[in-house]
Amino acid sequence: MADIPLDKADIIAIFLETLLYGISLTLVCITLWVLVNKQDKTKTHRIMFAIAISLFFLATVHIILDVVRILEAFVFLPDSIPGGPIGYLGNVSNPLFIAKTVVYVTQTLIGDSLVTWRCYAVHRGNKYVIIYPALSVASCAATGYFVAWNQTNVMPGSTIFQAGGAWITAFFVLTMSTNVYCTSLIVYRIWTSSRAVASYHQSSLIPVILAVVESAGLYSSMLLALLITYLLNSNGQYPALDMMIPLISIVFSLIILQISFGMSGVKGSAGNYSTSEHAGTARHGFSSTVPSYPLQAISVEISRVTNSDDTSVPKFNKDQKQAIPAQIWEQA
């Protein structure tokens, strides 16, 4: 099947990116409102606020770069550019093209770092569980920024598939594996914590699991589409890539909002079952994932349960009690 022309691919890309950017704007505004109006604000809330602003700022910069490129290709410079609009849009050494690459890599690294930190927090500071994602994020930074640097040295007429080659493929694979790995461990930790208190409390952490899985699935699905189109050397990778930028911000906000507005049923009266938001990994929030995923920490601590006749049920021993608390962090 014939590939989509580059000029049409970029027009479709800016259209789809604009739609997702509008969604991102709405969700970010609601997310910031939620974080600002929290009664029990913590340092984590301030961090989450800063991350939300940063992700949206990068999405804004990216769409501005795309609009400028489209205007220059079709309005301001169509007759003075060798090869016309297609020649301009396909010039990977163009400073605006390189800037887009840097923005995307930076946005992805923020999301992946966030989901890695969430995984670390959920597992109570276990450093061993984040050895792989930490190395993966570092590798993503190296490959991503190398591709951006390499674009400044490519031969005239080279395509992004020639300029990036295996480096871009490695970048996509690394960020996808990071999100899948961290999301799986986060979900497993939440699920085991939910089972630990199932006999003592009717509430469930299933809403949290669904929020994390759905957001991570959204990010991973788009990333998979991007990887496939790139491996096929298809210009369809341009719409997929441009959609990823606002999607990372969307996933991050979705996790916070889903848990903030959907966890009221998790609170209970037996024991001391409480939720408190914290910031933490981003799903690509990406998440996202993830990431990441906004981070809401949910702590579960049962110190004592009494019957109606005041006959006390024995307290949990030390090992049992430590197995129950869990911190769930949102991405993405």
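Structure's up top.
A short tour of the structure in this document, coming up. Nothing here was measured: the structure is a model prediction, and the numbers come from that model. Once a new chain begins, its residue numbering starts again from 1 and follows that chain's sequence as written. A pLDDT threshold of at least 70 governs which residues receive local features in this predicted model, and a stricter bar of 80 or more applies before side-chain atom pairs are shown or counted, although totals over entire chains, interfaces and linings include all residues. For the side-chain quantities, the full set of heavy atoms in the structure was used; hydrogens and water were omitted.

Digging into the environment of Ser-139
Selection criterion: The helix and strand labels rest on DSSP assignments: H or I over at least four residues marks a helix, E over at least two residues marks a strand, and numbering proceeds from the N terminus. Identification of polar contacts relies on pairs of N or O atoms within 3.5 Å, with a donor-acceptor requirement for protein atoms, meaning one able to donate a hydrogen and the other able to accept it, and with residues adjacent in sequence counted only if both atoms are side-chain atoms.
With respect to the helices, strands and loops of the structure, Ser-139 is situated in helix α5 (residues 131-150). For the pair Ser-139 and Thr-175, spaced 36 residues apart in the sequence, the C-alpha separation amounts to 9.3 Å. One polar contact links the side chain of Ser-139 to the main-chain carbonyl oxygen of Leu-135, over a distance of 2.9 Å.

Examining the pattern of salt bridges
Quick reminder of the rule: Salt bridges, as used here, are contacts in which a Lys or Arg side-chain nitrogen is within 4 Å of a carboxyl oxygen on Asp or Glu. Each residue is placed in one exposure class: buried if its accessible area under a 1.4 Å probe, protein chains only, is under 20% of its type's maximum, exposed if it is over 50%, and partly exposed if it falls in between.
Under the counting rule described, the total for this entry stands at three salt bridges. Of the charged contacts in the structure, one is a salt bridge between Asp-66 and Lys-100, with a shortest N-O distance of 2.7 Å. Of the two residues, Asp-66 sits in helix α2 (residues 43-76) while Lys-100 sits in helix α4 (residues 95-122), which places them 34 residues apart along the sequence. A salt bridge links Lys-100 to Asp-242, with the shortest nitrogen-to-oxygen separation between them at 3.3 Å. Placement of the pair is Lys-100 in helix α4 and Asp-242 in helix α9 (residues 237-262), with a sequence separation of 142 residues. Among the residues examined, Asp-242 registers a relative accessible area of 1% and is labelled buried. Because the salt bridges share partners, they merge into one network encompassing Asp-66, Lys-100 and Asp-242.

As for empty space enclosed by the protein
Left-over empty space is what a probe sized like a water molecule reveals as it rolls over the atoms. Counted only if it meets this: Every definition here rests on a 1 Å grid over the protein atoms only: cavities are sets of points where a 1.4 Å probe fits but cannot get out, pockets are open sets enclosed by protein on both sides within 12 Å along at least five of seven lines, and lining residues have some atom within 4 Å of a point. Grid points are joined across faces, edges and corners, and a volume is the space filled by probe spheres set on the points.
A volume near 250 Å³ is recorded for the largest cavity. Thr-101, Tyr-104, Ile-160, Ile-168 and Leu-241 are the residues nearest the centre of the largest cavity, which is lined by 18 residues in total. Broken down by element, the residue count for the lining of the largest cavity peaks at five residues, all from α4.

What to know about the side chain of Glu-17
The cut-off we apply is this: In this tally Asp and Glu are treated as negative and Lys and Arg as positive; neither His nor the chain ends contributes. In this analysis, two residues are considered to be in contact whenever any of their non-hydrogen atoms come within 4.5 Å of each other.
With respect to the helices and strands, the residue Glu-17 is situated in helix α1 (residues 6-36). As a buried residue without a salt bridge, Glu-17 has its nearest oppositely charged side chain in Lys-100, at a separation of 6.0 Å. Only 2.7 Å separates the side chain of Glu-17 from the side chain of His-62, close enough to count as a polar contact. What Glu-17 contacts, discounting residues up to four positions off in sequence, is His-62, Ile-63, Asp-66, Asp-242 and Pro-246.

Some remarks on the environment of Leu-109
Along the chain, Leu-109 falls in helix α4. When the C-alpha atoms of Leu-109 and Val-137 are compared, they prove to be 6.6 Å apart, with 28 residues separating the residues in sequence. Not counting chain neighbours up to four residues away, the residues in contact with Leu-109 comprise Val-137, Cys-140, Ala-141 and Tyr-145.

Topic: α5
Under the convention used in this document: Expected helix span is given by 1.5 Å per residue-to-residue step, counting one fewer step than there are residues. What the arc measures is the spread of directions leading from the helix axis to the C-beta atoms.
The end-to-end C-alpha distance of α5 is 28 Å, a good match for the 28 Å that 20 residues give at a rise of 1.5 Å each. Within α5, burial applies to Pro-133, Ser-136, Val-137, Cys-140, Thr-143, Gly-144, Val-147, Ala-148 and Asn-150. The buried residues of α5 all sit within an arc of 165° when viewed along its axis, so they share a single face. When the buried face of α5 is taken as reference, the exposed residues oriented beyond 90 degrees from it are Leu-135 and Trp-149.

Quick notes on helix α8 (residues 206-231)
Here α8 is 26 residues long and its end C-alpha atoms lie 36 Å apart, about the 38 Å a rise of 1.5 Å per residue gives. Where α8 ends, the next residue or the one after it, Asn-233, has phi of about 55°, a positive value.

Some points on the packing of α4 against α5
Angle between the axes and distance between the axes are the two parameters that describe a pair of packed helices. We apply this condition: Working convention: axes come from line fits to C-alpha atoms, limited for helices to the stretch in contact. Angles between N-to-C directions cover 0 to 180 degrees. Angle categories: roughly parallel below 35 degrees, roughly antiparallel above 145, roughly perpendicular from 65 to 115, and oblique for all the rest. Any residue outside Ala, Val, Leu, Ile, Met, Phe, Trp, Tyr, Cys, Pro, Asp, Glu, Lys and Arg is labelled polar, Gly included; the first ten of those are nonpolar and the last four are charged.
Orientation of α4 relative to α5, taken along the N-to-C sense of each, is 175°, at an axis distance of 9 Å. Looking at the two axes, α4 sits roughly antiparallel to α5. Note on element contacts: α5 touches α4 through Pro-133, Ala-134, Val-137, Cys-140, Ala-141, Gly-144, Tyr-145 and Ala-148, opposite Ile-98, Thr-101, Val-102, Val-105, Thr-106, Leu-109, Asp-112, Ser-113 and Thr-116. Class assignment for the residues of the contact of α4 with α5 results in 11 nonpolar, five polar and one charged.

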